[in-house]
Amino acid sequence: MRVTGVIISFFICCALPSIFCDDYIVEVKQGQLAGLLEKDITGDYDFYSFRGIPYAKPPVGKLRFKAPQEADSWSGVRDASQHGNVCPQFNPISNQYNYGSEDCLFLNVYTPTLNTTESLPVLVYIHGGAYLFGDGNDNLYRPDFLVSKDVVVVTLNYRLETLGFLSLGTEEVPGNAALKDQVLALKWVQENIAKFGGNPKEVTILGGTAGGSSVAYHIISPMAKGLFKRAISMSGAPSCDWASTYHPEERGFQLAKMLRGDEKEITDKTELLEYLQGVPPEQLINVQPRVLASEKVRNVLFKMEYFTPIIEIDFGKNENFITKDPFKSLTKEDVNDVEVMFSYNGQEALLLVDLYNASLISQYYTYDEMFVPDKLAHNILPSQNLEIAEEIVKYYFGDKKVSNENIAEFINYASFASINYDVQRFFRKISKFVKSYFFKFSYFTSRNVYGSAGSKYGLGQTSHFDEVFYLFHSKDLNLPVDKNSKEYELIQTITTAITNFAKYGNPSPSESSIGITWSEYNTDTKYYVDFTNDALVVGQDADGKDIDFWESIFTRVGIKF
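Residues numbered from 1 in each chain as written. Predicted model: local features only at pLDDT ≥ 70, side-chain atom pairs only at ≥ 80, totals over all residues. Heavy atoms only, no water.

- The name an unreviewed UniProt entry assigns to the protein chain is Esterase B1-like, from the organism Trichoplusia ni.

So this is what it looks like as structure tokens:
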């Protein structure tokens, strides 16, 4: 391992924890940081960790809802042994609040070396959570498996829900503050990562679920241009119903109406901003300001969220994250010059299988229009909505009834309607302009924390979010790591492919690397690789029949696929 000559100082630091060790001190733009030397979960190697590094000023008071500002400097040596605050959030899966703190814009750096001449590739991981919940801390994202492949890993927090995505359609609050948080974190990486042995010219951004759609947005954002060389987007795309907001400006006024109750209605945007900046942050979590009555029924995780990314109004000051609908105007000039990998999992909707079984399937059965993606439902007549719903039900259920007895068919429908076709739809366009690779993730072992919920329904497959547990050691879950197990073999295969791409722009630079020749994806060949338990399966036109069906639906209603 790269860490050498530190054993004596390590024992001194352990014996005298109040004394910072020179071996673990790094000086970044804002000041000095004192980190830790840690042992990986297998006990085979060491790596350095620096946690809770502020990359932006606390977005509080008059900075709430606005684009982030660069962090202030500090004097002395800052203790970087502990994570920073998490952002205020509600997790609808666990049904838990975490009020955290608005002062939450921190990142973490993990590196196998502090030798600044090493210049290792860098992976910046953007966490998921439907833009509602999550953080970059090592309770889920301890990067033991990745750091062992000689890369530097960065994880980060960004603002969530209302605090991260409120848009008033003004220069002050155009929206997408959370995505601009991510941009500022990437700028911090460019300025400072060399001090941790990383190469700022070899940065790969990586994300799953909402992190995957964030990565996809960065690929086409002028604000992110030049901040990374490669991008890996897993299980997310800008066009997913849960990754974009319908009529965002109206939601701000509706939010104030809900919070103020019988008080006089606010109609002025300046007054609205002042009011919302003074509301306690916990009142802005898990609030559901609806602008359509139908949203009360359609408010289903994976189907719609209230505060997510938007297409901003362009005020001509180059301070916008994105101002163009990528499906209306995407050209080569709109795509950053990067290399791309994208993926989705075997049966994404298994994440919600218990919820579907408990109540949602009957809700879909009662209201056929639920089967129609929001991006279509908002642009067609009610009568056409029901016609499209009938076609979708017929395609996925045939002559079977929509019911709990046919949950396998429902999970398959929900996986495509929520994620799969959106991922292919977006990256099909992107692949016309940049080098691209596509994979499906189909591992199923004891590490499939969410997919295993499907086993009691006879649906043991890979769920949304399951890939995380093969890329990271999640401390909170304490999943066993046996180097002689099949699980560990699979971990090594996927992390090798991911880090190969970060190093070489090719997940399989030689056939001996992961045992296959991996061809690029394009709209003609549609090559992909399926990560299965038994082998890496090379194929073409993944799920082609389903993708063709969804394309026919879009074409029928006059929306470009």
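**Re helix H4 (residues 177-192)**
Phase 1: Relative to the 22 Å expected for 16 residues at 1.5 Å per residue, H4 spans 22 Å between its end C-alpha atoms, a close match to the ideal helical length.
Phase 2: Summarising burial for H4: 13 of the 16 residues are buried, a large majority. (Helix = DSSP H or I, 4+ residues; strand = E, 2+ residues; numbered from the N terminus. Expected span 1.5 Å × (residues − 1). Buried < 20%, exposed > 50% of the residue type's maximum accessible area, 1.4 Å probe, protein only.)

**A short note on the domain arrangement of the protein chain**
Phase 1: Segmenting the protein chain into domains produces domain 1 (248-290) and domain 2 (338-557).
Phase 2: On a C-alpha basis, the centroid separation for the pair domain 1 and domain 2 is 36 Å. (Domains from an automatic or database assignment.)

**Structural notes on the sheet that holds strand E16 (residues 536-540)**
Phase 1: The eleven strands are arranged E3-E4-E8-E10-E9-E11-E12-E13-E14-E15-E16 in an open sheet whose pairing can be described as mixed. The outermost strands of the open sheet, each flanked by one partner alone, are strand E3 (36-39) and E16. The mean angle between the axes of side-by-side strands here comes to 25°, regardless of whether they run parallel or antiparallel. (Pairing = 2+ DSSP bridges. Axes fitted to C-alpha atoms, helices over the stretch in contact; angles between N-to-C directions.)

**A closer look at the pattern of salt bridges**
Phase 1: Inspection of the entire model under this criterion finds 36 salt bridges.
Phase 2: Here glutamate 102 ties to arginine 64 by a salt bridge, and the two come within 2.8 Å at their closest N and O atoms. Of this pair, glutamate 102 sits in the loop between strand E7 (96-98) and strand E8 (106-111) while arginine 64 sits in the loop between strand E4 (46-54) and strand E5 (77-79), placing them 38 residues apart in sequence. Exposure class is identical for glutamate 102 and arginine 64. Each is buried.
Phase 3: Put simply, arginine 142 and aspartate 144 hold a salt bridge, and the shortest N to O gap is 2.8 Å. (Salt bridge = Lys/Arg side-chain N within 4 Å of Asp/Glu carboxyl O.)

**Points about the layout of surface pockets**
Phase 1: Quantified by volume, the largest pocket comes out at close to 960 Å³.
Phase 2: Lining of the largest pocket is provided by 36 residues; of these, Ser244, Thr245, Asp325, Lys375 and Asn379 occupy positions nearest its centre.
Phase 3: Breaking the lining of the largest pocket down by element, the ones donating at least two residues are helix H6 (248-260), helix H8 (295-298), helix H9 (326-329) and helix H11 (374-377).
Phase 4: Among the elements that take part in the lining of the largest pocket, H6 stands out by supplying four residues, more than any other.
Phase 5: In terms of residue class, the lining of the largest pocket is built from 14 nonpolar, eight polar and 14 charged. (1 Å grid on protein atoms, 1.4 Å probe; cavity = no way out; pocket = protein on both sides within 12 Å on 5 of 7 lines; lining within 4 Å. Points joined across faces, edges and corners; volume = space filled by probe spheres on them. Nonpolar A, V, L, I, M, F, W, Y, C, P; charged D, E, K, R; others polar.)

**Some remarks on empty space enclosed by the protein**
Phase 1: Applying the stated criterion across every chain, the model contains four cavities of 30 Å³ or more.
Phase 2: Approximately 90 Å³ is the volume found for the largest cavity.
Phase 3: Together, Asp241, Val300, Leu301, Phe302, Lys303, Tyr356, Tyr364, Pro373, Tyr413, Ala414, Ala417 and Ser418 line the largest cavity.
Phase 4: For the lining of the largest cavity, the secondary-structure elements that each account for two or more residues are helix H10 (353-366) and helix H13 (407-430).
Phase 5: Classifying every residue of the lining of the largest cavity by side-chain character gives nine nonpolar, one polar and two charged.

**Topic: the state of the cysteines**
Phase 1: Summed over all chains, the structure comprises one disulfide.
Phase 2: The partner cysteine of cysteine 87 in its disulfide is cysteine 104, sulfur to sulfur 2.1 Å. Given an S-S torsion of about 90°, the disulfide between cysteine 87 and cysteine 104 has right-handed geometry. Here cysteine 104 lies in the loop between E7 and E8 and cysteine 87 lies in the loop between E5 and strand E6 (89-91), a separation of 17 residues in the sequence.
Phase 3: Judged by relative accessible area, cysteine 87 falls into the buried class, the value being 2%. (Disulfide = S-S within 2.5 Å.)

**Describing the packing of H4 against helix H5 (residues 210-220)**
Phase 1: The geometry of H4 relative to H5 is characterised by a closest axis approach of 11 Å and an angle of 70° between their N-to-C directions. Regarding the angle of H4 to H5, the classification is roughly perpendicular. The residues of H5 that touch H4, namely those facing Leu179, Gln182, Val183 and Leu186, are Ser214, Tyr217 and His218.
Phase 2: Of the residues contributing to the contact of H4 with H5, the split by class is four nonpolar, three polar and no charged. (Parallel < 35°, antiparallel > 145°, perpendicular 65-115°, else oblique. Contact = heavy atoms within 4.5 Å.)

**Considering the packing of aromatic side chains**
Phase 1: By the definition in use, this model includes 50 aromatic pairs.
Phase 2: Judged by centre distance (5.8 Å) and plane angle (65°), the ring pair of tyrosine 450 and phenylalanine 465 falls under edge-to-face. Here tyrosine 450 is found in the loop between strand E14 (436-441) and helix H14 (468-471), whereas its partner phenylalanine 465 is found in the loop between E14 and H14, with 15 residues between them in sequence.
Phase 3: Its relative accessible area of 25% is what places tyrosine 450 among the partly exposed residues. (Phe/Tyr/Trp six-rings, centres within 6.5 Å; stacked < 30°, edge-to-face > 60°.)

**Observations concerning the pairing of strand E13 (residues 339-345)**
Phase 1: Most of E13 sits out of view: seven of its seven residues are buried.
Phase 2: Neither face of E13 is exposed, since Glu339, Met341, Ser343 and Asn345 on one face and Val340, Phe342 and Tyr344 on the opposite face are all buried.
Phase 3: Bridge count between strand E12 (residues 230-234) and E13: five bridges; the pairing is parallel. Paired with serine 233 across the strands is phenylalanine 342, a residue of E13.
Phase 4: In this sheet, E14 lies alongside E13 in parallel orientation, the contact comprising six bridges.

**Section: the confidence of the model for the protein chain**
Phase 1: Per-residue confidence for the protein chain averages 93 on the pLDDT scale, and 96% of its residues sit at or above 70.
Phase 2: Below a pLDDT of 50 lies the segment residues 3-12, which in the model reaches 14 contacts outside its immediate sequence neighbourhood of four places, other chains included.
Phase 3: In this model, residues 14-20 is a region of pLDDT below 50 whose contacts with residues beyond four sequence positions or in other chains number five contacts. (pLDDT = per-residue confidence, 0-100.)

**Overview of the side chain of aspartate 374**
Phase 1: With respect to the helices and strands, aspartate 374 occurs in helix H11.
Phase 2: Beyond its immediate sequence surroundings of up to four residues, aspartate 374 is in contact with Asp241, Arg298, Lys303 and Met304.

**Digging into the packing of H5 against H13**
Phase 1: Across the interface, H5 lies against H13 with an axial gap of 12 Å and an inter-helix angle of 25°. In terms of orientation, H5 lies roughly parallel with respect to H13. The interaxial crossing formed by H5 with H13 has left-handed handedness. Of the residues in H13, those in contact with Ala216, Ile219 and Ile220 of H5 are Phe426, Phe427 and Ile430.
Phase 2: In terms of residue class, the contact of H5 with H13 is made up of six nonpolar, no polar and no charged. (Left-handed = near helix turned anticlockwise from the far one by under 90°.)

**Remarks on the environment of tyrosine 131**
Phase 1: Among the structural elements, tyrosine 131 can be located in the loop between strand E9 (120-126) and helix H2 (144-147).
Phase 2: Sequence separation of tyrosine 131 and glutamate 305 is 174 residues, and the distance between their C-alpha atoms is 8.5 Å.
Phase 3: Looking at tyrosine 131, its side chain comes within polar contact range of the main-chain oxygen of alanine 210, at 3.1 Å.
Phase 4: At 3.1 Å, the side chain of tyrosine 131 forms a polar contact with the side chain of serine 214. (Polar contact = N/O pair within 3.5 Å; in protein donor to acceptor, adjacent residues only side chain to side chain.)

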